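In case you want the letters, here they are:
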Amino acid sequence: MKRSRMILASACAGLLLTAATASAEVIGDIERGKALAGEICVACHGADGNSPVPMFPKLAGQHADYALKQLQEFASGRRHSDIMKPIVEGLSTRDMADVAVFFAAQQPLPGQVDDPSMLDAGRRVFNEGNPDQGVPACAGCHGANGIGNARYPRLAGQYPAYVLDQMAQFADGRRSNDKRLMQTIASRLGETETRAVAEYIASLEGSK
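Residues numbered from 1 in each chain as written. Predicted model: local features only at pLDDT ≥ 70, side-chain atom pairs only at ≥ 80, totals over all residues. Heavy atoms only, no water.

Draft legend 1. Region of interest: the packing of helix 4 (residues 64-76) against helix 6 (residues 93-104). Viewed as axis vectors pointing N to C, helix 4 and helix 6 meet at an angle of 140 degrees, and their least axial separation amounts to 8 Å. Overall, the two elements helix 4 and helix 6 adopt an arrangement that is oblique. Relative to helix 6, the crossing made by helix 4 is right-handed. Contacts between helix 4 and helix 6 pair A64, A67, L68, L71, Q72 and A75 from the former with T93, M96, A97, A100, V101 and A104 from the latter. Tallied by class, the residues present in the contact of helix 4 with helix 6 amount to 10 nonpolar, two polar and no charged. (Axes fitted to C-alpha atoms, helices over the stretch in contact; angles between N-to-C directions. Helix = DSSP H or I, 4+ residues; strand = E, 2+ residues; numbered from the N terminus. Parallel < 35°, antiparallel > 145°, perpendicular 65-115°, else oblique. Left-handed = near helix turned anticlockwise from the far one by under 90°. Contact = heavy atoms within 4.5 Å. Nonpolar A, V, L, I, M, F, W, Y, C, P; charged D, E, K, R; others polar.)

Draft legend 2. Focus on the packing of helix 9 (residues 160-172) against helix 10 (residues 181-188). The interhelical angle for the contact between helix 9 and helix 10, taken along N-to-C directions, is 100 degrees, at an axis separation of 7 Å. Taken together, the axis directions place helix 9 and helix 10 in an arrangement best described as roughly perpendicular. Across the interface between the two elements, M167, F170 and A171 of helix 9 pack against M182, Q183, A186 and S187 of helix 10. Its residues placed into classes, the contact of helix 9 with helix 10 shows five nonpolar, two polar and no charged.

Draft legend 3. Up close: empty space enclosed by the protein. As enumerated under the stated definition, the model contains one cavity of 30 Å³ or more in all. By volume, the largest cavity amounts to about 70 Å³. Along the walls of the largest cavity sit K58, A60, Q62, P108, R154, L155, A156, G157 and Q158, which together make up its complete lining. Classifying every residue of the lining of the largest cavity by side-chain character gives four nonpolar, three polar and two charged. (1 Å grid on protein atoms, 1.4 Å probe; cavity = no way out; pocket = protein on both sides within 12 Å on 5 of 7 lines; lining within 4 Å. Points joined across faces, edges and corners; volume = space filled by probe spheres on them.)

Draft legend 4. Up close: the side chain of Q183. Note on placement: Q183 falls in helix 10. Separated by 3.4 Å, the side chains of Q183 and D178 make a polar contact. Not counting residues within four places of it along the chain, the set of residues in contact with Q183 comprises F170, A171, R175, S176 and D178. (Polar contact = N/O pair within 3.5 Å; in protein donor to acceptor, adjacent residues only side chain to side chain.)

Draft legend 5. Examining the confidence of the model for the chain more closely. For the chain, per-residue confidence averages 90 on the pLDDT scale, and 88% of positions sit at 70 or higher. Within the model, the stretch residues 1-11 combines pLDDT values under 50 with 12 contacts to residues more than four positions away or in other chains. Low confidence marks residues 13-23, where pLDDT is under 50. Its contacts with residues over four positions away, or in another chain, come to 15 contacts. (pLDDT = per-residue confidence, 0-100.)

Draft legend 6. Local environment of the pattern of salt bridges. The final tally for this structure, using the stated rule, is 10 salt bridges. The salt bridge involving D114 is made with R195; its shortest N-O contact spans 3.6 Å. With D114 in the loop between helix 6 and helix 7 (119-128) and R195 in helix 11 (residues 191-203), the pair connects residues that are 81 residues apart, well separated along the chain. Assessed through its relative accessible area of 26%, R195 is described here as partly exposed. One salt bridge in this structure joins D172 and R174, with 2.8 Å as the shortest N-O distance. The class for D172 is partly exposed, based on a relative accessible area of 48%. Its relative accessible area of 47% is what places R174 among the partly exposed residues. By sharing partners, the salt bridges in this structure join R32, R94, D95 and D98 into a single network. (Salt bridge = Lys/Arg side-chain N within 4 Å of Asp/Glu carboxyl O. Buried < 20%, exposed > 50% of the residue type's maximum accessible area, 1.4 Å probe, protein only.)

Draft legend 7. Expanded view of the nonpolar core. In terms of nonpolar packing, the biggest core is built from 23 residues, with F126, M167, I185, L189, V197 and I201 touching the most fellow members. Those elements that place two or more of their residues in this core are helix 7, helix 8 (139-142), helix 9, helix 10 and helix 11. Apart from the residues within four sequence positions on either side, M167 is in contact with M182, A186, L189 and T194. Core analysis: the next-biggest nonpolar cluster, separate from the first, contains 14 residues, L68, M84, L91 and A100 among them. (Core = buried A, V, L, I, M, F, W, Y, C linked by side-chain atoms within 4.5 Å.)

Listed below in structure tokens is the structure:
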């Protein structure tokens, strides 16, 4: 168990180093992205990326690098979604970049905590992980305030329902576009811990 914890911690550290050196700023047209988002994204994600539906993610303030990668992987099928694939597969790389920079420039609204009684447990897992289960701290990749970076997504203020859905997809292998780090973490966290982390993420304001 100790060896597995060391391996997982080393993997996370290595990915953090890569994230710091491999990111390239996405170049896009915010106004063109706004127009495209108004046509194809608004119903699920809202006009400004603050989704009105808890099962769909908030995109406001999300890193353009990360958002572009996800759009490309939805289109290619590397990240599976019956909803997203037909929407994005007809978009050009320029279209995707424009939409990504538009949402990145928007102001995310505060999150909504559904169960405040779980915040202390969620804070502990987010900041410390669960060493007994070989789970590293979420803050190690996503930052103490949940703002993430070009490689790892902004989580602060995200809907608990969406976080729980993605964790379930990581745990059972339906989502696998992350070098298996999240699959390992999600499969080792218990149901209560996962719920607590989702609630804590919703409480984060994401200030730098």
